[in-house]
Protein chains: 2
Amino acid sequence: MTGNSTRERIIEVADRLIYERGYEHTSFADIAAGVKISRGNFYHHFKTKDEILDTVIERRLMTTRHLLDEWEMTGETPAARICCFVRILVTNRTKIMQFGCPVGTLAGELTRLGHRSSTRASALFSLFREWLCRQFEQLGRAEDADELAMELLAWSQGVATLASALRDEAFLEREVERMCEWVKTGKENVPCGKELD
Amino acid sequence: MTGNSTRERIIEVADRLIYERGYEHTSFADIAAGVKISRGNFYHHFKTKDEILDTVIERRLMTTRHLLDEWEMTGETPAARICCFVRILVTNRTKIMQFGCPVGTLAGELTRLGHRSSTRASALFSLFREWLCRQFEQLGRAEDADELAMELLAWSQGVATLASALRDEAFLEREVERMCEWVKTGKENVPCGKELD
DNA sequence: GTCTATAGACGGATAGAC
DNA sequence: GTCTATCCGTCTATAGAC
(Lines give C-alpha, C1' and ligand atoms only; values in the text may rest on other atoms or scores of the structure.)
Protein backbone atom coordinates (compact mmCIF):
# COMPACT_ATOMS: atom_id res chain seq x y z
CA MET A 1 0.00 0.00 0.00
CA THR A 2 1.50 3.27 -1.15
CA GLY A 3 -0.82 5.30 1.05
CA ASN A 4 0.18 3.54 4.19
CA SER A 5 3.89 3.77 3.47
CA THR A 6 3.57 7.48 2.63
CA ARG A 7 1.84 7.97 5.94
CA GLU A 8 4.61 6.08 7.66
CA ARG A 9 7.25 8.23 6.02
CA ILE A 10 5.41 11.40 7.05
CA ILE A 11 5.40 10.25 10.66
CA GLU A 12 9.07 9.34 10.55
CA VAL A 13 10.13 12.70 9.14
CA ALA A 14 7.80 14.58 11.51
CA ASP A 15 9.21 12.62 14.44
CA ARG A 16 12.75 13.57 13.50
CA LEU A 17 11.98 17.23 12.78
CA ILE A 18 9.95 17.67 15.96
CA TYR A 19 12.95 16.36 17.86
CA GLU A 20 15.51 18.47 16.04
CA ARG A 21 13.61 21.76 15.80
CA GLY A 22 10.79 21.49 18.30
CA TYR A 23 7.09 21.19 17.56
CA GLU A 24 6.18 24.85 17.04
CA HIS A 25 9.23 25.42 14.89
CA THR A 26 8.42 22.52 12.56
CA SER A 27 6.21 23.49 9.64
CA PHE A 28 4.14 21.43 7.24
CA ALA A 29 6.37 22.61 4.43
CA ASP A 30 9.43 21.25 6.26
CA ILE A 31 7.83 17.85 6.73
CA ALA A 32 6.47 17.75 3.19
CA ALA A 33 9.89 18.67 1.81
CA GLY A 34 11.49 15.92 3.91
CA VAL A 35 9.05 13.33 2.58
CA LYS A 36 9.22 14.85 -0.92
CA ILE A 37 5.49 15.15 -1.38
CA SER A 38 3.28 18.15 -2.08
CA ARG A 39 1.50 19.90 0.74
CA GLY A 40 -1.80 19.00 -0.93
CA ASN A 41 -1.00 15.34 -0.70
CA PHE A 42 -0.06 15.96 2.88
CA TYR A 43 -3.57 16.92 3.95
CA HIS A 44 -4.86 13.68 2.57
CA HIS A 45 -3.10 11.92 5.44
CA PHE A 46 -3.26 14.44 8.29
CA LYS A 47 -5.86 17.15 8.69
CA THR A 48 -4.15 19.26 11.35
CA LYS A 49 -0.72 19.76 12.82
CA ASP A 50 -1.91 18.54 16.19
CA GLU A 51 -3.00 15.29 14.59
CA ILE A 52 0.57 14.65 13.43
CA LEU A 53 1.90 15.51 16.87
CA ASP A 54 -0.43 13.02 18.51
CA THR A 55 0.55 10.33 16.04
CA VAL A 56 4.24 11.01 16.64
CA ILE A 57 3.78 10.83 20.40
CA GLU A 58 1.88 7.54 20.17
CA ARG A 59 4.61 6.20 17.91
CA ARG A 60 7.27 7.19 20.42
CA LEU A 61 5.30 5.53 23.21
CA MET A 62 5.15 2.35 21.18
CA THR A 63 8.82 2.25 20.23
CA THR A 64 9.74 3.04 23.83
CA ARG A 65 7.69 0.10 25.07
CA HIS A 66 9.51 -2.15 22.61
CA LEU A 67 12.85 -0.76 23.72
CA LEU A 68 12.05 -1.42 27.37
CA ASP A 69 10.93 -4.95 26.54
CA GLU A 70 14.21 -5.51 24.75
CA TRP A 71 16.24 -4.34 27.73
CA GLU A 72 14.07 -6.52 29.94
CA MET A 73 15.16 -9.55 27.93
CA THR A 74 18.80 -8.76 27.21
CA GLY A 75 19.84 -7.49 30.65
CA GLU A 76 20.75 -10.35 32.93
CA THR A 77 20.43 -8.50 36.25
CA PRO A 78 18.26 -5.56 37.33
CA ALA A 79 21.40 -3.44 37.61
CA ALA A 80 22.49 -4.38 34.10
CA ARG A 81 19.04 -3.52 32.77
CA ILE A 82 19.09 -0.12 34.44
CA CYS A 83 22.49 0.47 32.88
CA CYS A 84 20.91 -0.19 29.47
CA PHE A 85 18.73 2.81 30.19
CA VAL A 86 21.61 4.94 31.35
CA ARG A 87 23.73 4.12 28.34
CA ILE A 88 21.27 5.49 25.78
CA LEU A 89 22.81 8.82 26.69
CA VAL A 90 26.09 7.57 25.24
CA THR A 91 24.52 5.68 22.38
CA ASN A 92 22.61 8.75 21.21
CA ARG A 93 25.20 11.28 22.32
CA THR A 94 25.68 12.89 18.92
CA LYS A 95 22.04 13.92 18.65
CA ILE A 96 21.71 14.61 22.37
CA MET A 97 24.60 17.04 22.24
CA GLN A 98 22.86 18.90 19.43
CA PHE A 99 19.20 18.66 20.36
CA GLY A 100 18.99 17.49 23.96
CA CYS A 101 16.88 14.58 25.18
CA PRO A 102 13.90 13.92 22.87
CA VAL A 103 11.65 13.08 25.82
CA GLY A 104 12.53 16.09 27.94
CA THR A 105 12.52 18.68 25.17
CA LEU A 106 9.09 17.73 23.79
CA ALA A 107 7.45 17.38 27.19
CA GLY A 108 9.01 20.68 28.22
CA GLU A 109 7.86 22.54 25.14
CA LEU A 110 4.29 21.26 25.28
CA THR A 111 3.99 21.83 29.03
CA ARG A 112 5.26 25.36 28.69
CA LEU A 113 2.83 26.18 25.91
CA GLY A 114 0.00 24.59 27.84
CA HIS A 115 -0.60 22.31 24.87
CA ARG A 116 -3.44 19.82 24.96
CA SER A 117 -1.05 16.90 24.32
CA SER A 118 1.47 17.78 27.03
CA THR A 119 0.24 15.01 29.31
CA ARG A 120 0.58 12.42 26.55
CA ALA A 121 4.15 13.59 25.95
CA SER A 122 4.89 13.35 29.66
CA ALA A 123 3.53 9.80 29.61
CA LEU A 124 6.84 8.92 27.95
CA PHE A 125 8.53 9.85 31.21
CA SER A 126 6.05 7.70 33.10
CA LEU A 127 6.89 4.75 30.88
CA PHE A 128 10.57 4.97 31.84
CA ARG A 129 9.65 5.72 35.42
CA GLU A 130 7.50 2.64 35.87
CA TRP A 131 10.02 0.41 34.14
CA LEU A 132 12.89 1.72 36.26
CA CYS A 133 10.71 1.37 39.34
CA ARG A 134 10.24 -2.33 38.61
CA GLN A 135 13.97 -2.78 38.14
CA PHE A 136 14.78 -1.14 41.47
CA GLU A 137 12.20 -3.35 43.12
CA GLN A 138 13.99 -6.39 41.74
CA LEU A 139 17.21 -4.86 43.03
CA GLY A 140 15.82 -5.24 46.52
CA ARG A 141 14.74 -1.64 46.99
CA ALA A 142 10.97 -2.16 46.92
CA GLU A 143 10.41 0.50 49.58
CA ASP A 144 11.83 3.46 47.69
CA ALA A 145 11.93 2.05 44.15
CA ASP A 146 9.85 4.87 42.71
CA GLU A 147 11.97 7.53 44.41
CA LEU A 148 15.10 5.97 42.96
CA ALA A 149 13.48 5.82 39.52
CA MET A 150 12.63 9.52 39.68
CA GLU A 151 16.14 10.36 40.87
CA LEU A 152 17.77 8.53 38.01
CA LEU A 153 15.36 10.06 35.50
CA ALA A 154 16.10 13.55 36.79
CA TRP A 155 19.80 12.85 36.84
CA SER A 156 19.91 11.73 33.23
CA GLN A 157 17.73 14.66 32.18
CA GLY A 158 20.04 17.14 33.84
CA VAL A 159 23.10 15.56 32.28
CA ALA A 160 21.57 15.77 28.81
CA THR A 161 20.58 19.41 29.30
CA LEU A 162 23.92 20.52 30.68
CA ALA A 163 26.10 18.54 28.28
CA SER A 164 24.18 19.99 25.35
CA ALA A 165 24.17 23.59 26.60
CA LEU A 166 27.85 23.60 27.56
CA ARG A 167 28.86 21.38 24.63
CA ASP A 168 30.68 19.10 27.05
CA GLU A 169 30.59 15.55 25.75
CA ALA A 170 33.21 14.40 28.25
CA PHE A 171 30.86 15.41 31.06
CA LEU A 172 28.11 13.29 29.55
CA GLU A 173 30.36 10.24 29.33
CA ARG A 174 31.71 10.75 32.82
CA GLU A 175 28.24 11.05 34.33
CA VAL A 176 27.05 7.91 32.56
CA GLU A 177 29.89 6.05 34.25
CA ARG A 178 28.93 7.56 37.59
CA MET A 179 25.30 6.59 37.14
CA CYS A 180 26.24 2.98 36.38
CA GLU A 181 28.55 2.95 39.41
CA TRP A 182 25.74 4.34 41.52
CA VAL A 183 23.41 1.59 40.40
CA LYS A 184 25.92 -1.20 40.82
CA THR A 185 27.85 -0.33 43.95
CA GLY A 186 26.07 2.57 45.53
CA LYS A 187 29.32 4.49 45.78
CA GLU A 188 28.83 8.20 45.70
CA ASN A 189 30.97 11.24 45.21
CA VAL A 190 29.75 13.45 48.02
CA PRO A 191 30.87 17.02 48.73
CA CYS A 192 31.45 16.36 52.40
CA GLY A 193 31.88 12.69 53.19
CA LYS A 194 30.63 11.08 56.35
CA GLU A 195 34.21 10.55 57.43
CA LEU A 196 34.62 14.31 57.70
CA ASP A 197 31.67 14.77 60.06
CA MET B 1 13.91 60.07 30.63
CA THR B 2 10.76 58.55 29.23
CA GLY B 3 12.72 56.86 26.45
CA ASN B 4 14.90 54.94 28.81
CA SER B 5 12.02 53.71 30.90
CA THR B 6 10.13 52.55 27.81
CA ARG B 7 13.20 50.63 26.77
CA GLU B 8 13.43 49.15 30.24
CA ARG B 9 9.81 48.08 30.13
CA ILE B 10 10.32 46.45 26.75
CA ILE B 11 13.21 44.40 28.12
CA GLU B 12 11.26 43.37 31.18
CA VAL B 13 8.27 42.18 29.19
CA ALA B 14 10.49 40.49 26.60
CA ASP B 15 12.39 38.74 29.39
CA ARG B 16 9.19 37.41 30.88
CA LEU B 17 7.65 36.33 27.57
CA ILE B 18 10.83 34.65 26.36
CA TYR B 19 10.81 32.67 29.56
CA GLU B 20 7.14 31.77 29.44
CA ARG B 21 6.76 31.03 25.73
CA GLY B 22 10.28 30.55 24.43
CA TYR B 23 12.20 32.83 22.10
CA GLU B 24 10.89 31.65 18.73
CA HIS B 25 7.35 31.62 19.99
CA THR B 26 7.50 35.19 21.27
CA SER B 27 6.54 37.79 18.65
CA PHE B 28 7.12 41.52 18.51
CA ALA B 29 3.38 41.98 18.58
CA ASP B 30 3.22 40.07 21.86
CA ILE B 31 5.91 42.18 23.46
CA ALA B 32 4.48 45.44 22.14
CA ALA B 33 1.04 44.49 23.43
CA GLY B 34 2.54 43.69 26.82
CA VAL B 35 4.25 47.08 27.01
CA LYS B 36 1.20 48.73 25.47
CA ILE B 37 3.08 50.49 22.71
CA SER B 38 2.81 50.26 18.95
CA ARG B 39 5.04 48.02 16.91
CA GLY B 40 6.43 51.04 15.16
CA ASN B 41 7.58 52.50 18.43
CA PHE B 42 9.14 49.17 19.22
CA TYR B 43 11.49 49.33 16.29
CA HIS B 44 12.67 52.71 17.46
CA HIS B 45 14.27 50.98 20.44
CA PHE B 46 15.29 47.62 18.95
CA LYS B 47 16.06 47.06 15.32
CA THR B 48 15.87 43.28 15.22
CA LYS B 49 14.49 40.45 17.27
CA ASP B 50 17.99 39.16 17.92
CA GLU B 51 18.96 42.54 19.35
CA ILE B 52 16.33 42.27 22.03
CA LEU B 53 17.32 38.66 22.74
CA ASP B 54 20.91 39.72 23.32
CA THR B 55 19.78 42.52 25.59
CA VAL B 56 17.61 40.14 27.59
CA ILE B 57 20.48 37.66 27.95
CA GLU B 58 22.89 40.38 29.10
CA ARG B 59 20.29 41.56 31.56
CA ARG B 60 19.92 38.06 32.94
CA LEU B 61 23.67 37.73 33.24
CA MET B 62 23.78 40.97 35.21
CA THR B 63 20.93 40.11 37.57
CA THR B 64 22.43 36.67 38.09
CA ARG B 65 25.78 38.20 39.08
CA HIS B 66 23.99 40.40 41.60
CA LEU B 67 22.09 37.41 42.95
CA LEU B 68 25.29 35.43 43.41
CA ASP B 69 26.94 38.39 45.14
CA GLU B 70 23.98 38.56 47.48
CA TRP B 71 24.24 34.90 48.40
CA GLU B 72 27.95 35.35 48.85
CA MET B 73 27.27 37.95 51.52
CA THR B 74 24.22 36.49 53.28
CA GLY B 75 25.32 32.85 53.50
CA GLU B 76 27.53 32.30 56.52
CA THR B 77 29.15 29.03 55.39
CA PRO B 78 29.93 27.62 51.95
CA ALA B 79 27.29 24.94 52.51
CA ALA B 80 24.69 27.55 53.44
CA ARG B 81 25.55 29.56 50.34
CA ILE B 82 25.18 26.53 48.10
CA CYS B 83 21.80 25.89 49.71
CA CYS B 84 20.79 29.42 48.66
CA PHE B 85 21.31 28.26 45.11
CA VAL B 86 19.41 25.02 45.62
CA ARG B 87 16.46 26.77 47.21
CA ILE B 88 15.69 29.00 44.22
CA LEU B 89 13.91 25.90 42.91
CA VAL B 90 11.48 26.21 45.81
CA THR B 91 11.33 30.00 45.76
CA ASN B 92 10.42 30.05 42.07
CA ARG B 93 8.50 26.79 42.08
CA THR B 94 5.25 28.26 40.75
CA LYS B 95 6.85 29.47 37.53
CA ILE B 96 9.24 26.52 37.30
CA MET B 97 6.33 24.09 37.45
CA GLN B 98 4.72 25.94 34.53
CA PHE B 99 7.68 26.93 32.39
CA GLY B 100 10.71 25.00 33.62
CA CYS B 101 14.06 26.54 34.52
CA PRO B 102 14.64 29.86 32.70
CA VAL B 103 18.33 29.11 32.24
CA GLY B 104 17.91 25.60 30.91
CA THR B 105 14.98 26.27 28.62
CA LEU B 106 16.57 29.24 26.86
CA ALA B 107 19.98 27.65 26.50
CA GLY B 108 18.32 24.48 25.26
CA GLU B 109 16.18 26.25 22.70
CA LEU B 110 19.01 28.35 21.29
CA THR B 111 21.45 25.44 21.21
CA ARG B 112 18.94 23.27 19.41
CA LEU B 113 18.22 25.93 16.81
CA GLY B 114 21.93 26.58 16.36
CA HIS B 115 21.29 30.22 17.23
CA ARG B 116 24.14 32.68 17.21
CA SER B 117 23.50 33.67 20.83
CA SER B 118 23.38 30.14 22.24
CA THR B 119 26.84 30.45 23.77
CA ARG B 120 25.88 33.67 25.52
CA ALA B 121 22.80 31.98 26.94
CA SER B 122 24.93 29.06 28.11
CA ALA B 123 27.23 31.55 29.81
CA LEU B 124 24.48 31.80 32.41
CA PHE B 125 25.21 28.20 33.31
CA SER B 126 28.90 29.01 33.51
CA LEU B 127 28.17 31.82 35.94
CA PHE B 128 26.47 29.43 38.34
CA ARG B 129 29.10 26.79 37.67
CA GLU B 130 32.03 29.00 38.58
CA TRP B 131 30.30 30.36 41.64
CA LEU B 132 29.39 26.88 42.87
CA CYS B 133 32.93 25.75 42.11
CA ARG B 134 34.32 28.43 44.42
CA GLN B 135 31.90 27.40 47.16
CA PHE B 136 32.93 23.76 46.94
CA GLU B 137 36.57 24.82 47.09
CA GLN B 138 35.83 26.64 50.32
CA LEU B 139 34.06 23.53 51.51
CA GLY B 140 37.40 21.75 51.35
CA ARG B 141 36.86 19.99 48.07
CA ALA B 142 39.32 21.92 45.92
CA GLU B 143 40.30 18.80 43.98
CA ASP B 144 36.90 18.04 42.48
CA ALA B 145 35.09 21.33 43.08
CA ASP B 146 34.20 21.79 39.43
CA GLU B 147 32.90 18.24 39.12
CA LEU B 148 30.67 18.78 42.14
CA ALA B 149 29.46 22.06 40.71
CA MET B 150 28.49 20.37 37.46
CA GLU B 151 26.77 17.55 39.32
CA LEU B 152 24.65 19.92 41.36
CA LEU B 153 23.81 21.99 38.28
CA ALA B 154 22.71 18.89 36.39
CA TRP B 155 20.78 17.63 39.37
CA SER B 156 18.79 20.83 39.75
CA GLN B 157 18.18 20.99 36.01
CA GLY B 158 16.81 17.48 35.95
CA VAL B 159 14.57 18.14 38.93
CA ALA B 160 13.11 21.25 37.28
CA THR B 161 12.49 19.39 34.01
CA LEU B 162 10.88 16.37 35.61
CA ALA B 163 8.80 18.24 38.18
CA SER B 164 7.41 20.45 35.43
CA ALA B 165 6.71 17.64 32.96
CA LEU B 166 5.07 15.36 35.53
CA ARG B 167 3.47 18.23 37.45
CA ASP B 168 4.94 16.88 40.64
CA GLU B 169 5.66 19.74 43.02
CA ALA B 170 6.21 17.38 45.95
CA PHE B 171 9.08 15.79 44.04
CA LEU B 172 10.67 19.21 43.56
CA GLU B 173 10.46 20.00 47.26
CA ARG B 174 11.73 16.59 48.26
CA GLU B 175 14.73 16.81 45.94
CA VAL B 176 15.63 20.26 47.21
CA GLU B 177 15.81 18.79 50.69
CA ARG B 178 17.96 15.93 49.41
CA MET B 179 20.32 18.33 47.66
CA CYS B 180 20.78 20.38 50.82
CA GLU B 181 21.40 17.19 52.79
CA TRP B 182 23.92 16.11 50.20
CA VAL B 183 25.78 19.38 50.51
CA LYS B 184 25.74 19.46 54.28
CA THR B 185 26.27 15.88 55.35
CA GLY B 186 27.22 14.00 52.23
CA LYS B 187 24.61 11.36 53.00
CA GLU B 188 23.21 9.71 49.94
CA ASN B 189 20.28 7.54 49.11
CA VAL B 190 21.94 4.84 47.06
CA PRO B 191 20.18 1.96 45.32
CA CYS B 192 22.60 -0.66 46.57
CA GLY B 193 24.62 0.33 49.59
CA LYS B 194 28.23 -0.61 50.06
CA GLU B 195 27.23 -2.93 52.88
CA LEU B 196 25.54 -5.18 50.34
CA ASP B 197 28.70 -5.71 48.30
C1' DG C 1 14.07 73.89 12.75
C1' DT C 2 15.81 69.73 14.73
C1' DC C 3 15.68 65.74 17.46
C1' DT C 4 13.30 62.06 19.61
C1' DA C 5 9.42 59.21 21.02
C1' DT C 6 5.37 57.33 19.27
C1' DA C 7 2.06 55.58 15.98
C1' DG C 8 0.40 53.12 12.16
C1' DA C 9 0.41 51.54 7.35
C1' DC C 10 2.77 48.60 4.06
C1' DG C 11 5.35 44.57 1.97
C1' DG C 12 7.46 40.17 1.44
C1' DA C 13 7.61 35.80 3.47
C1' DT C 14 5.65 32.01 5.57
C1' DA C 15 2.49 29.71 8.50
C1' DG C 16 -1.67 26.43 8.88
C1' DA C 17 -5.91 24.98 6.83
C1' DC C 18 -8.99 23.73 3.09
C1' DG D 1 -3.47 25.69 -5.69
C1' DT D 2 -5.64 29.15 -2.74
C1' DC D 3 -7.05 31.56 1.26
C1' DT D 4 -6.39 33.92 5.50
C1' DA D 5 -3.59 35.03 9.42
C1' DT D 6 0.61 36.31 11.31
C1' DC D 7 5.31 36.97 11.25
C1' DC D 8 9.47 40.34 10.86
C1' DG D 9 11.09 44.43 9.13
C1' DT D 10 10.73 49.07 6.74
C1' DC D 11 8.45 52.95 5.66
C1' DT D 12 6.25 57.53 6.49
C1' DA D 13 3.61 60.67 9.59
C1' DT D 14 2.67 63.11 13.84
C1' DA D 15 3.42 65.37 18.36
C1' DG D 16 6.13 67.64 21.58
C1' DA D 17 10.72 69.27 23.76
C1' DC D 18 14.35 72.20 23.15
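Analysis parameters
- For every chain, the first residue of the written sequence is number 1, and numbering continues from 1 onward in sequence order.
- Starting at A for chains and at 1 for ligands, labels are handed out in the order in which the entities are written.
- With the structure being a predicted model, the display of local features is reserved for residues of pLDDT at least 70 and the display and counting of side-chain atom pairs for 80 or more, all residues being used for whole-chain, interface and lining totals.
- Water and hydrogen atoms play no part in the side-chain values, which are based on all heavy atoms of the structure.
- Axis geometry follows a simple rule: fit a line to the C-alpha atoms, using only the stretch in contact for helices, then measure angles between N-to-C directions, giving values from 0 to 180 degrees.
- Secondary structure follows DSSP: runs of H or I at least 4 residues long count as helices, runs of E at least 2 residues long count as strands, and numbering of each begins at the N terminus.
- Note that the term roughly parallel is reserved for angles under 35 degrees, roughly antiparallel for angles over 145, roughly perpendicular for angles of 65 to 115, and oblique for everything else.
- We call a crossing left-handed when the near helix sits turned anticlockwise from the far one by less than a right angle, and right-handed when that turn is clockwise.
- Two residues form a contact once any of their heavy atoms are found within 4.5 Å.
- Each residue is assigned to one of three groups, with Ala, Val, Leu, Ile, Met, Phe, Trp, Tyr, Cys and Pro labelled nonpolar, Asp, Glu, Lys and Arg labelled charged, and all others, Gly among them, labelled polar.
- An automatic or database domain assignment supplies the residue ranges for each domain.
- Buried area is a sum: the accessible area each of two parts loses on coming together, probed at 1.4 Å, counted once for each and added.
- Salt bridge criterion: a side-chain nitrogen from Lys or Arg within 4 Å of a carboxyl oxygen from Asp or Glu.
- Any pair of nitrogen or oxygen atoms within 3.5 Å is treated as a polar contact; in protein, a donor-acceptor pairing is required on top of that, and neighbouring residues in sequence qualify only through side-chain atoms on both sides.
- The rule is short: rings of Phe, Tyr and Trp, with Trp giving its six-membered ring, pair when the centres are within 6.5 Å, and they are stacked under 30 degrees, edge-to-face over 60, tilted in between.
- The buried label applies to any residue whose accessible area, calculated with a 1.4 Å probe on protein chains only, is under 20% of its type's maximum; exposed applies above 50%, and partly exposed to all values in between.
- Either the NZ atom of lysine or the CZ atom of arginine qualifies as a charge over a ring when it sits within 6 Å of the ring centre and within 35 degrees of the ring normal.
- Any residue with a heavy atom positioned within 4 Å of a molecule or strand is treated as near that molecule or strand.

(A) The arrangement of the packing of helix α5 (residues 78–91) of chain B against helix α8 (residues 118–138) of chain B in detail. Residues and elements named next belong to chain B. Where α5 contacts α8, the axes come no closer than 8 Å and their chain directions differ by 155 degrees. Overall, the two elements α5 and α8 adopt an arrangement that is roughly antiparallel. By crossing handedness, the relation of α5 to α8 is classed as left-handed. Touching Pro-78, Arg-81, Ile-82 and Phe-85 of α5 are Phe-128, Trp-131, Leu-132, Gln-135, Phe-136 and Gln-138, all from α8. When its residues are assigned to classes, the contact of α5 with α8 shows seven nonpolar, two polar and one charged.

(B) Main features of the domain arrangement of chain A. Residue and element names in this part refer to chain A. The domains assigned to chain A are domain 1 (1–47) and domain 2 (54–189). Distance between the C-alpha centres of domain 1 and domain 2: 27 Å. Contact residues are listed per partner, giving 14 residues for domain 1 and 16 residues for domain 2. Both faces combined, the contact of domain 1 with domain 2 buries some 1200 Å², and carbon together with sulfur accounts for 60% of it. Glu-20 is the salt-bridge partner of Lys-95, the closest N and O atoms lying 3.0 Å from each other. Linking domain 1 to domain 2 there are eight residue pairs in polar contact (both at pLDDT 80 or more). Here the residues of the side of domain 1 that touches domain 2 sort into six nonpolar, one polar and seven charged.

(C) Spotlight on the packing of aromatic side chains. By the definition in use, this model includes 18 aromatic pairs over all chains. Both rings, one in B:Phe42 and one in B:Phe46, keep their centres 6.3 Å apart while their planes meet at 45 degrees; by these two values the pair is tilted. A relative accessible area of 0% means that B:Phe42 is categorised as buried. Centroid distance B:Phe136 to B:Trp182: 6.1 Å. Interplanar angle 70 degrees. Geometry classified as edge-to-face. Residue B:Phe136 is found in helix α8, and its partner B:Trp182 is found in helix α10 (residues 169–185); the two are separated by 46 residues along the sequence. Of the two residues examined, B:Phe136 and B:Trp182, each falls in the buried class. An aromatic cluster is defined as three or more aromatic residues linked by ring pairs; in this entry it consists of A:Phe28, A:Phe42, A:Tyr43 and A:Phe46. When the ring centre of A:Tyr23 is taken as reference, the NZ or CZ atom of A:Lys49 above it lies at 4.7 Å.

(D) The protein's contact with DNA strand D, seen in detail. Neighbouring DNA strand D are the residues A:Arg39, B:Thr26, B:Ser27, B:Phe28, B:Ala29, B:Arg39, B:Tyr43, B:Thr48 and B:Lys49. Near the protein, within 4 Å, the atoms of DNA strand D are sugar or phosphate in 48% of cases. With respect to DNA strand D, the backbone of B:Lys49 contributes an N or O atom lying 3.1 Å from a phosphate oxygen. Counting only elements with at least two residues in the surface near DNA strand D, the list comes to α2 (28–35) and α3 (39–45) of chain B. Here the surface near DNA strand D is composed, by residue class, of three nonpolar, three polar and three charged.

(E) Representation of unusual backbone geometry within the structure. Residues and elements named next belong to chain A. Phi at Lys-36 takes a positive value of approximately 65 degrees, unusual for a residue other than glycine. Relative to the elements of secondary structure, Lys-36 occurs in the loop between α2 (28–35) and α3 (39–45). The class for Lys-36 is exposed, based on a relative accessible area of 75%. In this structure, Arg-167 is a non-glycine residue whose phi angle is positive, near 50 degrees. Assignment of secondary structure puts Arg-167 in the loop between α9 (145–165) and α10 (169–185).

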